[in-house]
Structure formats: structure tokens, C-alpha cells
Number of protein chains: 2
Amino acid sequence: MKIVVDAMGGDFAPKVNVDGAIDALREFEDLEIILAGPQALIEETIGAYADAGALASVRGRLSVVHAPEVISTEEHPVMALRRKKESTFVVGMDIVRRGEAQAFVSAGSTGALMAGAMFKIGRIKGVARPALATLLPVPGRPMLLVDAGANVDCKPDWIVQFGMMGSAYMRRVMKVENPQVGLLNIGVEAAKGNEQAQKTYEQMAKPQPFAFAGNIEARDALAGRCDVLAADGFVGNVLLKNTEGVISMLFGLLKGGLMSSGKGKVAALLAKDTFRDLKKSFDSTEVGGAPLLGVEGAVIKAHGNSNARAIFCAIRQARQVVAGGVVDLIREEVARLSVSGE
Amino acid sequence: MKIVVDAMGGDFAPKVNVDGAIDALREFEDLEIILAGPQALIEETIGAYADAGALASVRGRLSVVHAPEVISTEEHPVMALRRKKESTFVVGMDIVRRGEAQAFVSAGSTGALMAGAMFKIGRIKGVARPALATLLPVPGRPMLLVDAGANVDCKPDWIVQFGMMGSAYMRRVMKVENPQVGLLNIGVEAAKGNEQAQKTYEQMAKPQPFAFAGNIEARDALAGRCDVLAADGFVGNVLLKNTEGVISMLFGLLKGGLMSSGKGKVAALLAKDTFRDLKKSFDSTEVGGAPLLGVEGAVIKAHGNSNARAIFCAIRQARQVVAGGVVDLIREEVARLSVSGE
């Protein structure tokens, strides 16, 4: 299996990208990695890997493809992709498009990743809109939010497809046997919500190649009621970002409150393990990045602030998507959906 | 000033409603309260008030209007309002409509409250849709979310009005001098978001009778960036309910984590004050209920699980809305809005 890694994406590129890639090669012997980036810089970074012996043992499965241009997160994705033909995105995704690799991993611009995947790698036939999926930190039952922000003003049929694609991912990557797909809404009854939600509910309640768990209220979004939460990308993004914001605010307030008194400081010391475990359960590093579902390859968006471990995890995740045949499953099931044709 | 209180709304009616009303009369000497409910039951409940002397001193400002019917939260609001002419909602709101009272407070059905306010009390001329507003627990800077769930599929003009009405409330009730009105969106740039958000941004950026603070991302919704957060009611409700859900989940996880070890239990004991303060800062009791903005009277929705203190606070809040002339201010400013006419 071959995976292309954008060596220049993210805040700590290329060091953590290269390190994470080599770590992945050491862990998975079936893996070959192509690093996309400025040849000389990447070769030099490879040479600086901490464990020279380990590097030598995997060096044969690691190659570099020259991609001297970088697309920043500030650039307009589509224009940048057009102008920068030698960017890591264009060069890397062309390799996937030609079938010379099965996956593309980047911690760079989300917009460029999505647009590039659409135009370079291409949609799976029948998929209206590829969607970004994110695992939400539901205690004991990780839940995949689809769409987490790639598409706004979604038609009901697109959201039905998001549910199907999320179900395919959870089955094949997270090994959930019969994933329950919920619809994000403001009430549990079928008639609740805006026009989009009501129509989507109607469609989802028809026989589908996934199990429909009904409407899920935002209050219960993290309550472990379903395995996939299908949503319009605007609303999904609000849910995702708000969840992150509230968690970080609460930890901040708690810390501030405890540190303001002697008793609190002792409490903080004694509760260190609990706080660490709790924080860890919300740490997105281990679950990898956000898969872009609906394109003809495994495409993973790693966090912009990824360290080497996060890049490693995103590569591991890409490998699971490929090994699990998620793309094939989506290709098969898209035809089995009951949709309104909107 | 006269306020009608629905004596039968909420989980602990009529006891807490009656107690809260009497407490408010003891606190505010300019206040008269009309309790709407089954006459005999309410009189009996009044008689059972704990402090007979205090009750006697305010009894002259307390009256009961006979409203033997109750609309439950399970009933269809509009149908129930039509059928139950003697319900606390219909009887109570008719009093406000006739100008015999200035405010209506209920801990009962949100749907009946909104529909009743629309049809019985009536919209302020020029207001497209009354909106439900909720103060979010932003540390140090309470922020009013408008709309918190009354309207879905909002037109941009409605959302501009939500911002104006929220600003009027924050000026006159919360005494914020120049309230900053933000627009809930998935990015800060003007061109971000769905069609609705983009068009609303365009409108809000024109000269308006309120200060526009630009787009606010969901991640920063509780970060104290603005005083009013204007949003479509579907998205606003998702944000509100998700915030409540995440906070309650985190407290639950924290408690569970600490209680699972001896060290943790000691830490929990030492951190008791911090936890209590933190929980209190998210307690909605003290801020009162959710005002329904845009109708010809002060209408406050108190929580369904209100205790006497929460009812007292909701009445205090209704009094502030009336004393602050919020309805008059909205009536004046609605004509000054730059809208597209959509």
C-alpha cells in the first residue's frame, strides 16, 4: 500500500511530517510512503531523523516527490490549486489520481485539500458532495460527525449520503458492526426542525443501506446515542467548534478557580491523574485526522498543529481506510440509497 | 406596574410560582401581580405561604384571575390555544393585550407561550418574527443569544432584527452601553458561511441602529467577543443545547473520575468551593428566563424546572424589561434598520 504524505502541511512542517512518516513505516511493514515537498529540504529532514539505524531499515520504502510550492491556509483554495501546479497538493493528489498511491494525508489547508480531492482525485460516481468527517469525543462511543464543515446549504439527499458514508467508515475503520446513524436536529420528533431537517428525516426513514437512529438533539450529541451524526456542514461545524470551545473554556475556568486558593492547588495536585485522563479522552491526536469521504481515494486531513504522533496516527488511519475498502463500500452503497433526487 | 404570572406552568406549579410571586411583591413595592390559574387552588396555595405576616403586607397587590385550564408541553400549541379559551395562557395574555398588565411570565409550554404571544399579545409593528433570547453563561460577559429556537429557516432580515432586539434588551435590561452584536458563523471573513449567513452579514454591515461586531465562530461563542449573538433559530438552538450538553457531560465525567479513587475523593472535597462556584456561574436561575422579543409586552419564559427563586428572578427580569422600555425601544428602532426587504 502506498500513501502520499504532504511534507509541508501544518504548523511544524516538514520535521513532524517526516518523522511521523518514518515512524509509520517502522510500524507497518506493508506500507510505502511518498513524501511530497521540496526535494532537497525533505531529503535533508529525512537525514536528520533521530534513529539512523531504524531509518536505514525503512529507507527503501520511503521516497520523495519534488513539489517545491506550498499552498498556505490563507490562499483561496481553488485559485491556488490552479496557479501552483507544483504544490504538494497538486503533485501529491495527481499520484493518487493516477492510481500510483491509494491515500493522501495532509495537515495543510483544509480548503485546498477538499478542492484538490474534488478536482484532482475526483468524486466517487453518484456521490453529490464529498464530506469532511470528524470523530467526536463521546465517552465510550466515539461518534463520527458528517459533515463537519465541507458543505453548506446541503440538500436533503446529500445529508442522506453523509449518513451512508459515515456508516461505511465506522464499519470498516472503527469496526462498529451496525452503525446507528442519527440526524442532528432541534427535537426528536419527525416533524421537528427546519425544512432541510424535515425532508432529510423523511428520506432517512425510508429503507436505506444503513440503520437510521432518528433525530438527535444537540444536547445529546455527545451522549452516545448513535455512531454517526449526519448534519448540514454549517450546523455540523457549529456543533464541532462549539464543543471544542466549551471544553477548552471549562478546563480554563477550572484551572483558574483551583489555582486561586491553596486548598485548590492541593486539590489540583491530587486530581492530576483524573484531569490528565479526562483531557486525554478529548485529545484528537490518537484518533487521527478528519477523513474526506466520497472521493476516489483515502484522503485524511490532519490537524494543523499536528506533532509527529498526530501525523503517524493520520497515516495509520489512511491505511485503515484503504485496508478496510471504505471507498469500494461507498461506491457500492451509493446506488442503494433511497433518495428524492433533489 | 402589573405582571401576570402563569401560576400553573412548570414542574413544581403552583407552589413555586405562587411563592416566587409573593417573594417578588415583598422585594418590589411598585409591583402588582395577577396570578392566572384555577381560583380555589391558587387562593389555597397563597394561604399556605410560609410567612403569613409578610403575605398580609403584600396581599393588596396580589390578585387571582380564574383560569381553570392548563396547556401541557405535550399539546400542539396553536390547537391548544384555540381549544382552551380558559387556559392560563389565553386568560393571562388577554390581560396584557387589553393593556391591563405589561408583562406575562410562564414556566409552561414554550410553544404555547410563543404562539400565544404572537396571536394574543401581537407582534410589534415591523417585526417580522418575535425571537426567543437566552443569556449564555459567558464568564464575565453574559451574552444574549437571539434566536435561541423560536424560528427556523430565517430570512436574513429577520436575523438583522434579532440583532437589533437583542441590542435593545442588553442596553435597557443588562445596562450594556453599546452592545456589540455578532453574527454566528463558521468563519470570521465576510464571505464565510451559507447563503443565509453571507446575506445577513451584508445587511448587518450597513449602517444599523446597533454595533455590528462581525462574524463570531462557534468556537468563540463563549469567549466574550460580543454581547448579542444573532443566529437562525435552528443553529442557535443547536449551539445552546450543545453548550448545555457538553457542560453537563464534563461535570459528570469529572465527578465520575474523581470518585473512582481515594485521592480523587479528597481532591473533590478540597475543590468543593471551586466546583460550586463554577457550577453556579452556569446556573441559569439568577439571570431569569428567556425573554420573547418582538411582541407588544414583556414576555418571559422561565425554565420548566423553575424553583421559587427562578420564578422570582423571571418576574424581576420582566419588571426590568418593562421599566427599561425595551418594547418601546424596539418599536422605535425597527424602522431604522437597513434591510433588504426579504
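Scroll up to find the structure.
Residues numbered from 1 in each chain as written. Chains lettered and ligands numbered in written order. Predicted model: local features only at pLDDT ≥ 70, side-chain atom pairs only at ≥ 80, totals over all residues. Heavy atoms only, no water.

## So, helix α5 (residues 88–97) of chain A
Residues and elements named next belong to chain A. Among the 10 residues that make up α5, 9 are buried, leaving the element largely enclosed by the rest of the structure. Along α5, the residues classified as buried are T88, F89, V90, V91, G92, M93, D94, I95 and V96. Directly after α5, the chain includes G99, whose backbone phi takes a positive value near 80°. (Buried < 20%, exposed > 50% of the residue type's maximum accessible area, 1.4 Å probe, protein only. Helix = DSSP H or I, 4+ residues; strand = E, 2+ residues; numbered from the N terminus.)

## Some thoughts on the packing of aromatic side chains
The geometry of an aromatic ring pair is captured by the separation of the ring centres together with the interplanar angle, meaning the angle of the planes. All names here are of chain B. Applying the stated criterion across every chain yields a total of 6 aromatic pairs over all chains. Taking 6.0 Å as the distance between ring centres and 15° as the angle between the ring planes, the aromatic pair formed by F28 and F312 counts as stacked. In this pair, F28 is assigned in the loop between α1 (15–27) and β2 (32–37) and F312 in helix α12 (residues 308–323), connecting sequence segments 284 residues apart. Take F28: its relative accessible area is 11%, and that puts it in the buried class. Each ring, one from F89 and one from F104, has its centre 6.0 Å from the other, and the planes form 45°; the classification is tilted. Within this pair, whereas F89 is found in helix α5 (residues 88–97), its partner F104 is found in strand β4 (residues 103–106), the two being separated by 15 residues in sequence. The exposure classification of F89 matches that of F104, with both residues buried. (Phe/Tyr/Trp six-rings, centres within 6.5 Å; stacked < 30°, edge-to-face > 60°.)

## Observations regarding the interface of chain B and chain A
Across the contact, 44 residues belong to chain B and 44 residues belong to chain A. For the pair chain B and chain A, the two sides together bury roughly 4,100 Å², of which 74% comes from carbon and sulfur. Of all residues in chain B, I186, R219 and F234 of chain B bury the most surface against chain A, accounting for 16% of the area lost on that side. At the junction of chain B with chain A, the criterion picks out 4 salt bridges. (Contact = heavy atoms within 4.5 Å. Buried area = accessible area lost by both parts, 1.4 Å probe. Salt bridge = Lys/Arg side-chain N within 4 Å of Asp/Glu carboxyl O.)

## Brief notes about the pairing of strand β8 (residues 211–217) of chain A
With 6 bridges joining them, strand β7 (residues 180–185) of chain A and β8 of chain A adopt parallel strand pairing. Bridge pairing links V181 of chain A to F212 of chain A in β8 of chain A. (Pairing = 2+ DSSP bridges.)

## Side note on the relation of the copies chain B and chain A
Each copy of the chain is related to the other by a rotation around an axis and a translation along that axis. Relative to chain A, chain B is turned by 179° and slid 0.0 Å along the rotation axis, the superposed coordinates differing by an RMSD of 0.1 Å. Classification of the inter-copy transformation places it as that of a two-fold axis. Taking the C-alpha atom as reference, chain B places A267 of chain B closest to the rotation axis, 2.1 Å from it. Comparing interface residues between copies, 100% of those in chain B also lie at the interface in chain A; the contact surface is shared. (Least-squares fit on C-alpha atoms with pLDDT ≥ 70 in both.)

## Side note on the pattern of salt bridges
According to the stated counting rule, one finds 38 salt bridges over all chains in the structure shown. The salt bridge involving D273 of chain A is made with R276 of chain A; its shortest N-O contact spans 3.7 Å. On the criterion of helical spacing, the pair formed by D273 of chain A and R276 of chain A is a turn pair, its members being 3 residues apart in helix α11 (residues 272–281). Among the residues examined, D273 of chain A registers a relative accessible area of 36% and is labelled partly exposed. Note that K84 of chain B is salt-bridged to E75 of chain B, the shortest N-O span being 2.9 Å. For the pair K84 of chain B and E75 of chain B, one class covers both residues: buried. Because the salt bridges share partners, they merge into one network encompassing K263 of chain A together with D273, R276 and D277 of chain B.

## What about the pairing of strand β4 (residues 103–106) of chain A?
Residue and element names in this part refer to chain A. The alternating pattern of β4 places A103 and V105 on one face and F104 and S106 on the opposite face, and all of these are buried. Examined bridge by bridge, strand β1 (residues 2–6) and β4 share 3 bridges and lie parallel to one another. Following the sheet pairing, V5 is matched in β4 by V105. Where β4 meets strand β11 (residues 298–301), 4 bridges bridge the pair, whose relative direction is parallel.

## Some details on the sheet that holds β2 of chain B
Working definition: the strands of a sheet are paired by backbone hydrogen bonds and lie parallel or antiparallel to each other. All names here are of chain B. With mixed pairing, 11 strands are arranged side by side in an open sheet as β3-β2-β1-β4-β11-β10-β5-β6-β9-β7-β8. The sheet is open, and its two edges are formed by β3 (62–66) and β8 (211–217), each paired on a single side. For this sheet, the mean inter-axis angle between neighbouring strands, taken without regard to orientation, is 25°. Where strand β6 (residues 143–146) lies against strand β9 (residues 228–230), 3 bridges are found, and the strand directions are parallel. Each residue of the ladder has a partner; that of V146, found in β9, is A230. Helix α6 (residues 110–121) rests against β4, β5 (131–136), β10 (290–293) and β11 (298–301) of the sheet, and its axis sits at about 170° to β11. Across the sheet, α12 lies against β1 (2–6), β2, β4, β10 and β11, angled at about 155° from β11, the strand it touches most. (Axes fitted to C-alpha atoms, helices over the stretch in contact; angles between N-to-C directions.)

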